[in-house]
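# Coordinates in review
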Amino acid sequence: MRSKRKNISKTVILSAVLLVVIGFAVFYVMRQALSTGTIFTPRETRPYVAVIGKSDVSAFWISVSSGARAAAAEYNIDMTFEAPGSEEDYEAQNAMIRAAISNGAKAIVFSAIDYNGNAEAIREAIDAGIPVVIIDSDVNCDDVSCRIMTDNYEAGRLAGEHALENNPGTLVVGVVNYDVNSANGQQREQGFCDAINESGRVEAIYTVNCVSTEESAYEGTMQLLAEHPEINTLAALNELMSLGSGYAIRDLGLQDDLEIYAFDSNVISVGMLETGEIEGLVVQNPYAMGYLGVESANNLINGTKLPSANINTTTTYVAYDNMYNIDIQRMIFRFE
Amino acid sequence: MKKAAKVSGISLSSVMTAAVVSIVATAVIIALLIFNTFFRESMDNIAITNSEQSVDQVAGTIYNYIDDMKGVMDSLYEASLRDPDSVEEFIEDIIAIRSDVVMIATYDIHGNNTGVRSNYKVKDLITRNLSYTTVPTESGISISIPHVVSVLENYYPWVVTINKGVNGSFSNASMIAMDVEFSNIAGYIDGVGIGQHGYCFIMDGDGNIIYHPQQQLIYAGLKQENDDINGLPDGTHLQGGIIYTIKTIDNCEWKIVGVTYLDETVNNRVNTMIIISVLILLLVVLLSFISGSLFSRLFTKPVNKLTDAMRTFEGSASKFVFEPVEGVSEVESLSDSFGHLVTRIQELMEEVKAEENTLRKTELKALQAQINPHFLYNTLDSISWMCEEGKNDEAVLMVNALAKLFRISISRGHEIITIDKEIQHAECYLQIQKFRYQNQFDYSFEIEEECKEYFCNKITLQPLIENAIYHGLNMIDEGHIKIRIRSDGDDVVMDVEDNGVGMSEDQIKELFLSDITDKRGIGVKNVNDRIKIYFGDKYGITIRSELDVGTCVSVRIPKITEENKYEK
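Keep in mind it's a predicted model, so treat the numbers as computed, not measured.

## Section: the overall build of chain A
Tallying secondary structure elements over chain A gives 11 helices and 12 strands in all. Evaluated residue by residue, chain A yields a buried proportion of 49% over its 336 residues. By sequence separation, contacts in chain A at least 24 residues apart represent 74% of the contacts at least 6 residues apart.

Have a look at this one:
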């Protein structure tokens, strides 16, 4: 009688174990079926990643957003790209960060307008358990998960080295920089100035900080050249500075007397490269930033280890001579 | 039997479970192998066919598009031959109508630009012109790789340039170049999907990528296309689970490469099939397990129970009590049959036992009925001798004693009589013998009154007294026989004690062996046997004897009363 009861309980236990195994297998198959894509994940269940940039009009940021979109499509992520109307408005960025937190973002890909001004909002996101991936411009926070950006100091040096190469004589340098709170601009300026200073061929460096608009850069350049007409080398540290400076030189007719080393590219600055207002462009890899930013966010959401907490994207120096090389074409002219 | 059962300790249900599982497992594995071979093959073929069809379609579409553009070019050339003056208008019309034509430029024999016609503003200063390529072979057509248009102000669309030599047929131009937006082709290529993640891209004859849906990633250094496919001829190639279908477009030097992942299309399904099969297998294991235990409960266990019952029955048939076994109808009928068998055998055994008893009792009765002729003759001789001597009173006493002795001996055929009657019987016998042996011995009774009411076998004491007289007292004078009857717990003990010569161990043994001693009627053995038959082995005769001191023969019987004398 006892052994019989024992047998029955053994049967029950074995049956239960088998049932559990079958259950797991069914679950696995269902998941497999779901993940093979025959049944698509509904939009609502896809992880939401907020990408917050500094602008949505500049060529640079359009390229970032298309890179982010490519990664979002590849990893099946619900991605939004937002940027304030003005490249100065870090408060608007902070509002976007908080909106992303309350909208249940699983990760935030962020580019800081203000190194310190955005820190608090980023801190809030991290405290809410949302991993933050920084692209392009850093923020004053040690706990962000990953930084994907150009090595801006090296980018600055790259421009400086080409300036030295093109001008064997004495350099009188003007720097048209944007927001003094932007880490990127400061690092580029630092790199550029360090490279120039190390040569010992520099007479003076004059810096003007403008608001990040074409008009402001134009006026800043005009003012700088009015005050220091002896300037023969000009560094314009972002896309809009490049345009403003370029227009100023064009209007002043100084194409042949002054060399501008500019950052980033758009069709106008590329045209200026051809017409001679701009001597060289340091072109970043915004598409890669956007793509890697969202890819890293996806990895963070899935708990995959990131290859590195700091990823430097490439920079390329584009001048009149190489601008129509096929690989440079592919880099600076967007494929519509 | 027991050993055999233990050695073959595999139960039927586990054998059944194992059989079912192994059959299903074999079937599933064979099915999987067949599935894997045939299905995989057919899936591979389907994937390859899909890839080939898609690539053919893409190649066809691009062929048509380029053909169309060439047609435009040809009609432009023909128009220039027919009516050189209207060509400018014709070009204007083309640019106006065909939104994908970005620019049409003409070049003289030295390659100098003789005119750029476009809807967009042409740069004031054209430093370089990417749309100009070397003059194609006479009146031939060439198609450039995609490039940006470098002559338009702030507009750098990606185009392919179609060049045609015109031999100065219009405006002294030797070549016409038409820049056609590449985004039409690119958009089309982007939209092509093969399988779930398959795509196709355009490659030139040297393996350089003309257009790739993921070219931004490739240019940004984030992705790479397999370099091994560069040198491959047209057709389908399988490399590392990826199907590459390559087709060269006839009217240009481009190749369409279709990329499909075998893993996704086939492996997923095969894996799903394997998982489903494993599921089925598990389910079968579960079901066969359940059915096995059910089978065991309904069949194996009842059969085992029945086997155990049979083994027990084998061991002790008479005391066995059969409990019917429940199970399937086969087992139940088996159980019923066995039950009947058990009952029948037990009945038969009882019958045999009863018959045996009856037989023995009959034999005993026959023996009892025998009157020892010597005893009767001697007694009658003594009586006649008494009569002769005129001892009438004594003769009367003798005759009375003899008569009483016989009456009690017969007791109307009853085997069991009261101890009181048995004592009378013994007394009669002693009286007769005392007369015959002329008071050579005397005797005494020591009876507990209580014991008289119990019953005993008749003629129990007489053979013992006879034994005492013949073997104990024969040679000596003043012999004394003492008969003592007492109660001992639930038993009654009757002792016949003499003070004679006693018996050796051998003599005692002999007493229990021979049925009838010296033809003197009923012997000690007979008494002992009868007690044991009636009351069981617990009871019977024991003899204590000491040579030259005396012998005590004890009879132990249960206390039999009027009420229970027939039960025994």
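What follows continues from the structure just given.
## Some details on the overall build of chain B
From N to C terminus, chain B includes 13 helices and 18 strands. Counting every position in chain B, which comprises 568 residues, the buried fraction comes to 31%.

## Comments concerning the sheet that holds strand 13 (residues 441-447) of chain B
Residue and element names in this part refer to chain B. The sheet built from 5 strands is open, its strands ordered 13-15-16-18-17 with mixed pairing. Here the strands that pair on one side only, and so sit at the sheet edges, are strand 13 and strand 17 (540-546). Ignoring which end each strand starts from, the neighbouring axes of this sheet average 15° apart. Judged from the 8 bridges that link them, strand 15 (residues 479-488) and strand 16 (residues 491-498) form a sheet pairing that is antiparallel. Its bridge partner being in strand 16, R484 is matched across the sheet by D495. The sheet strands contacting helix 13 (residues 524-535) are strand 17 and strand 18 (550-558), and the helix crosses strand 17 at an angle near 140°.

## A few points about the interface of chain A and chain B
The partner chain B presents 34 residues to the 32 residues of chain A that form the contact. Per-element tally for the side of chain A that touches chain B: the top contributor is helix 1 (residues 2-35) of chain A, with 12 residues. By residue class, the composition of the side of chain A that touches chain B is 19 nonpolar, 10 polar and 3 charged.

## A closer look at the nonpolar core
A general tendency of soluble globular proteins is for nonpolar side chains to be buried together. Judged by nonpolar contacts, the single largest core of 154 residues is most densely connected at I108, V109, V176 and V294 of chain A. Counting residues per element, this core draws most heavily on helix 2 (residues 12-82) of chain B, at 9 residues. I108 of chain A has contacts with A50, I52, I97, A100, A125, I130 and V132 of chain A, leaving out every residue within four places of it along the chain. Grouped together as the second largest cluster of nonpolar side chains are 44 residues, L402, F435, Y454 and I541 of chain B included.

## What to know about the sheet that holds strand 8 (residues 233-236) of chain A
All names here are of chain A. Pairing is mixed in the open sheet, where 6 strands are placed in the order 7-6-8-9-10-12. Of all the strands in the sheet, just strand 7 (202-209) and strand 12 (316-319) have a single pairing partner and so form its edges. Neighbouring strand axes in the sheet, compared pairwise and without regard to direction, differ in orientation by 20° on average. Against the sheet, helix 5 (residues 152-166) engages strand 6 (171-177), strand 8, strand 9 (259-263), strand 10 (278-283) and strand 12, with an angle of about 155° to strand 10.

## Focus on the confidence of the model for chain B
On average, residues of chain B carry a pLDDT of 81, and 90% of them reach 70 or more. For this predicted complex, the interface confidence score (ipTM) comes to 0.78, while the overall pTM stands at 0.61.

## Quick word on helix 9 (residues 267-275) of chain A
Residues and elements named next belong to chain A. Listed as buried for helix 9 are S269, V270, M272 and L273. The buried residues of helix 9 occupy an angular sector of 155° when projected down its axis, which confines them to one face. The elements touched by buried residues of helix 9 are helix 8 (239-252), strand 9, strand 10, strand 12 and helix 11 (326-332). Phi for G276, located one or two positions after helix 9, is positive at around 100°.

## A few points about the packing of helix 11 (residues 461-472) of chain B against helix 13 of chain B
All names here are of chain B. Viewed as axis vectors pointing N to C, helix 11 and helix 13 meet at an angle of 155°, and their least axial separation amounts to 9 Å. One way to sum up the angle between helix 11 and helix 13 is to call them roughly antiparallel. Two packed elements cross with a definite hand, and for helix 11 against helix 13 that hand is left-handed. Across the interface between the two elements, P463, L464 and N467 of helix 11 pack against V524, N526 and V527 of helix 13.

## Observations regarding helix 5 of chain A
Helix length check: helix 5 of chain A (15 residues) gives 21 Å between terminal C-alpha atoms against 21 Å at 1.5 Å per residue, within 8%. Within the span of helix 5 of chain A, buried status applies to N152, A155, G156, R157, L158, A159, G160 and A163 of chain A.

## Notes on the environment of N528 of chain B
Residues and elements named next belong to chain B. By secondary structure assignment, the location of N528 is in helix 13. Judged by the 21 C-beta atoms lying within 10 Å of it, N528 falls in the buried class. Along the backbone, N528 and I541 are 13 residues apart, and their C-alpha atoms lie at a distance of 5.6 Å.

## A short note on the pairing of strand 9 (residues 235-239) of chain B
All names here are of chain B. Of the pairings in the sheet, the one linking strand 9 to strand 10 (residues 242-248) comprises 5 bridges and is antiparallel in character. Within strand 10, the position partnered with G235 by the bridge is I246. Linking strand 9 to strand 10, which pair antiparallel, is a turn of 2 residues; within it G240 sits at a positive phi near 55°.

## Section: the packing of helix 3 (residues 90-102) of chain A against helix 4 (residues 119-127) of chain A
All names here are of chain A. Here helix 3 crosses helix 4 at 10°, and the two axes come no closer than 9 Å. What the angle tells us is that helix 3 and helix 4 run roughly parallel. Touching N94, I97, R98 and I101 of helix 3 are A121, I122, E124 and A125, all from helix 4.

Conventions and cut-offs
- Residues numbered from 1 in each chain as written.
- Chains lettered and ligands numbered in written order.
- Predicted model: local features only at pLDDT ≥ 70, side-chain atom pairs only at ≥ 80, totals over all residues.
- Helix = DSSP H or I, 4+ residues; strand = E, 2+ residues; numbered from the N terminus.
- Buried ≥ 20, exposed ≤ 12 C-beta atoms within 10 Å, placed from the backbone.
- Contact = placed C-beta atoms within 7 Å.
- Pairing = 2+ DSSP bridges.
- Axes fitted to C-alpha atoms, helices over the stretch in contact; angles between N-to-C directions.
- Nonpolar A, V, L, I, M, F, W, Y, C, P; charged D, E, K, R; others polar.
- Core = buried A, V, L, I, M, F, W, Y, C linked by C-beta atoms within 7 Å.
- pLDDT = per-residue confidence, 0-100.
- Arc of directions from axis to C-beta.
- Parallel < 35°, antiparallel > 145°, perpendicular 65-115°, else oblique.
- Left-handed = near helix turned anticlockwise from the far one by under 90°.
- Expected span 1.5 Å × (residues − 1).

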